Amino acid sequence: SSLMNAFNSINSNQNNHTVDIILNLAKNYNKNVIGILGLSFKSGTPEIKESPAINIIKNLITKKFEINVFDPIAIPNVKKEFGDKINYSSNINHV
């Protein structure tokens, strides 16, 4: 439906905008390392299929970022998606 297409377009644009902000900050600070807290689509669940964080990670991997993540419930599913392409932490203070 056209409403669903519009919704998907808005979500995609929001993710791209978030990546643009990250890229600008990284450039300003001369860093290519980022920590991401919360990876699931809905808090407290392991579901990552529609998670904005997953799309942002995919985009940043193509930009050669080192990515550190924390989400005690979703990490097993994220590992299936990314393997050793990103760093996983079981402690929020180490992200």
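This text goes with the structure placed above it.
What you are looking at is a predicted structure, and each value in this text was computed from that prediction instead of being measured.

A few words on the nonpolar core. General note: in soluble globular proteins, nonpolar side chains tend to be found buried as a group. In this structure, Ile36, Leu39, Ile57, Leu60, Ile67 and Val78 are the most contacted members of the largest nonpolar core, which totals 20 residues. Among the secondary structure elements, those contributing two or more residues to this core are α1 (2-29), β1 (33-37), α2 (52-62), β2 (66-70) and α3 (75-82). When near neighbours in sequence (up to four residues on either side) are disregarded, isoleucine 36 contacts Ala53, Ile57, Ile67, Asn68, Val69, Phe70 and Val95.

Once that is clear, we can look at the environment of asparagine 15. Within the element layout of this structure, asparagine 15 appears in helix α1. A C-alpha to C-alpha distance of 9.2 Å links asparagine 15 and asparagine 59, two positions 44 residues apart in sequence. Residues in contact with asparagine 15, not counting those within four places in the same chain, are Pro52, Asn55 and Ile56.

The next point concerns the environment of serine 40. Along the chain, serine 40 turns up in the loop between β1 and α2. Residue serine 40 is classed as buried on the basis of its relative accessible area, which comes to 15%. Considering only alpha carbons, one finds serine 40 and asparagine 77, 37 residues apart in sequence, at a separation of 9.1 Å. Residues in contact with serine 40, not counting those within four places in the same chain, are Thr45, Pro46, Glu47, Ile48, Ser51, Asp71 and Ala74. A polar contact is formed between the side chain of serine 40 and the backbone oxygen of threonine 45, at a distance of 3.3 Å.

Checked against the element boundaries, aspartate 71 lands in the loop between β2 and α3. Of the side chains bearing the opposite charge, lysine 79 lies closest to the buried aspartate 71, which forms no salt bridge; the N-O distance is 12 Å. Engagement of the side chain of aspartate 71 in a polar contact is seen with the backbone nitrogen of alanine 74, the distance being 3.0 Å. The contacts of aspartate 71, once residues within four sequence positions are left out, are Gly38, Leu39 and Ser40.

Summed over the entire model, instances satisfying the criterion amount to zero aromatic pairs. The aromatic ring of tyrosine 88 is capped on one face by lysine 79, whose charged end is 5.3 Å from the ring centroid.

In terms of burial, β2 is largely enclosed, as four of its five residues are buried. In the sheet, β1 pairs with β2 via five bridges, with the strands oriented parallel. What sits directly across from glycine 35, in β2, is asparagine 68. Bridging between β2 and strand β3 (residues 87-88) involves two bridges; their strand directions are parallel.

We now examine the sheet that holds β1. Strands sit in the order β1-β2-β3 across an open sheet of three strands; the sheet is parallel. What marks the edges here is a single partner per strand, and that holds for β1 and β3. Relative to the sheet, α2 contacts β1 and β2, its axis offset from that of β2 by approximately 160°.

Parameters at a glance
- Residues numbered from 1 in each chain as written.
- Predicted model: local features only at pLDDT ≥ 70, side-chain atom pairs only at ≥ 80, totals over all residues.
- Heavy atoms only, no water.
- Core = buried A, V, L, I, M, F, W, Y, C linked by side-chain atoms within 4.5 Å.
- Buried < 20%, exposed > 50% of the residue type's maximum accessible area, 1.4 Å probe, protein only.
- Helix = DSSP H or I, 4+ residues; strand = E, 2+ residues; numbered from the N terminus.
- Contact = heavy atoms within 4.5 Å.
- Polar contact = N/O pair within 3.5 Å; in protein donor to acceptor, adjacent residues only side chain to side chain.
- Lys, Arg positive; Asp, Glu negative; His and termini not counted.
- Salt bridge = Lys/Arg side-chain N within 4 Å of Asp/Glu carboxyl O.
- Phe/Tyr/Trp six-rings, centres within 6.5 Å; stacked < 30°, edge-to-face > 60°.
- Lys NZ or Arg CZ within 6 Å of the ring centre and 35° of its normal.
- Pairing = 2+ DSSP bridges.
- Axes fitted to C-alpha atoms, helices over the stretch in contact; angles between N-to-C directions.

Limitation: the analysis is restricted to geometry and does not speak to function.
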